[in-house]
Amino acid sequence: MFKFFKRSTRNTDNTQLLNSLGLSTSTSSGINVNGQIAETLPAVYCAVSTIAESIASLPIHVYQKSNKGKERLDQHQAERLINVAPNSYQTAYDFKIAIMRSVLLRGNGYAKIIYDGTGNASELHLIHPDSIQYQFKNNRVIYLVTNSMGKKESLLQEEVLHIKYHSDDGINGKSPVAVCRDTIGLGLSQQDYQSAQFKNGMNPSGTLETDSLITDEQYTQLQNMLNKNIGSNNHNKPIILEGGLKWNQIGLSNQDAEWLASRQFTISDIARMFKLSPIFLMDYSNSTYSNFSEASRAFLTQTLRPWLSNLQEALASRLINELNKSDTFIEYETKDLLRATAEERFSTYDIAIRNGLLNPNECRASENLPPREGGDDYSQSWNQQPIQTD
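Anyway, here's the lowdown on the structure attached to this text.

Quick notes on the rules
Residues numbered from 1 in each chain as written. Predicted model: local features only at pLDDT ≥ 70, side-chain atom pairs only at ≥ 80, totals over all residues. Heavy atoms only, no water. Helix = DSSP H or I, 4+ residues; strand = E, 2+ residues; numbered from the N terminus. Contact = heavy atoms within 4.5 Å. Polar contact = N/O pair within 3.5 Å; in protein donor to acceptor, adjacent residues only side chain to side chain. Salt bridge = Lys/Arg side-chain N within 4 Å of Asp/Glu carboxyl O. Buried < 20%, exposed > 50% of the residue type's maximum accessible area, 1.4 Å probe, protein only. Patch = residues over 30% accessible without salt bridge, like charges linked within 9 Å, V, L, I, M, F, W, Y side chains within 5 Å. Areas by Shrake-Rupley, 256 points an atom, 1.4 Å probe, with all protein chains shown as cover. Core = buried A, V, L, I, M, F, W, Y, C linked by side-chain atoms within 4.5 Å.

## Considerations on the environment of Glu 159
Next, step 1: Among the secondary structure elements, Glu 159 is positioned in the loop between strand S7 (152-156) and strand S8 (160-164).
Next, step 2: Separated by 16 residues in the primary sequence, Glu 159 and Tyr 143 place their C-alpha atoms 9.0 Å from one another.
Next, step 3: Beyond its immediate chain neighbours, meaning those up to four positions away, Glu 159 contacts Ala 111, Lys 112, Ile 113, Tyr 115 and Ser 154.
Next, step 4: Separated by 2.8 Å, the side chain of Glu 159 and the backbone nitrogen of Leu 156 make a polar contact.

## Focus: the pattern of salt bridges
Next, step 1: This structure, assessed with the given rule, holds 12 salt bridges.
Next, step 2: Residue Arg 140 pairs with Glu 158 through a salt bridge whose shortest N-O separation is 2.7 Å. Of the two residues, Arg 140 is situated in strand S6 (residues 140-146) and Glu 158 in the loop between S7 and S8; the sequence distance between them amounts to 18 residues.
Next, step 3: Among the residues examined, Glu 158 registers a relative accessible area of 31% and is labelled partly exposed.
Next, step 4: For the salt bridge of Glu 322 with Lys 325, the shortest nitrogen-to-oxygen distance reads 3.1 Å.
Next, step 5: The exposure class assigned to Glu 322 is exposed, which follows from its relative accessible area of 61%.
Next, step 6: Residue classification places Lys 325 among the partly exposed residues on the basis of a relative accessible area of 31%.
Next, step 7: A single salt-bridge network, built from bridges that share partners, covers Arg 72, Asp 74 and Glu 79.

## Notes on a nonpolar patch on the surface
Next, step 1: A contiguous nonpolar surface patch, about 330 Å² in accessible area, is contributed by Met 282, Tyr 284 and Phe 292.
Next, step 2: The topology assignment puts Phe 292 in helix H10 (residues 289-319).
Next, step 3: For Phe 292, a relative accessible area of 36% puts it in the partly exposed group.

## Here's the deal with the nonpolar core
Next, step 1: Of all hydrophobic cores here, the largest spans 58 residues; its most connected members are Val 44, Ile 51, Ile 55, Ile 184 and Phe 274.
Next, step 2: The element best represented in this core is H10, accounting for 11 residues.
Next, step 3: Every residue in contact with Ile 55, bar those within four places of it in the chain, is listed here: Met 100, Leu 304, Trp 307, Leu 308, Leu 311 and Tyr 332.

Below, the structure is given as structure tokens:
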């Protein structure tokens, strides 16, 4: 009769259950961490923004296999959903940013799929990951969604776009924030310590020393003199000391130096969590033009490519009709991520045109230039035969 203690559904994980209750997971540093709290650490916010914004801004299209390779399907229903608007209140960019942030911070991103009368996906609506649970029965997943009014809705797996990260069971994803929460907790505790130091601590840049006692009147005069010489407008201006006063400079203590180094190490650890170069967390302490170029290539191959494959397959599995999946697919364009300098680009175009790989109008289109007459012809220089000599 009573089923209050009967567990008929599976929570995605303990972290998600705590998040849904407005709680968070404790760490060894004593700081509670969840997706929302983790974002208050600038390095985490920057890492999530860098990946989410890069993916949301990349071109993505629907293609069909053909004898010539592939052809873009401009009129496919999925093209509108992923490039124009997935619903009446969001742009495609807003939708992609939101679902990527959800996956990065919570390990799972969900969207409800609305189908039209022909069986094609017509709308996508984001579902907050804290409001969803799932059942796994007969090799199928059933999603149980609780809305803001407490009403529950059961959705079939075909009705949910589910993007997951590093799943152990193939159904529920794991967030880098949840797995590496101790590292984030350490960074947050360092941040709190620094704030408390500025609020309550005293960190003078130097001291005034004298061999004799000073009177209250002399002390007041000295304090007034110092107050007139503080502030950014008086930075590096000399002061005149009388009555045997001496200025002693206070440098950075060993403890402060170690604390600054630990802050730097936290940035490196967070970069490892999200598989990013510290350059993309705005840490340029060891950057040069050469390693920035290599970091940009590594960003595509090591950081973004696994995400793009994940998204392409998840979108195709739900937005492409089952009958067309054998020859229709969704794919990102990544050439803009490796966009070189003007000199390098034109050198590449020259090689491609001379070898018949591209025609001039295709190169002009890559530079957002209009086609010109005669620019559709391919060079035949690659097919020239050497002159035979006796």
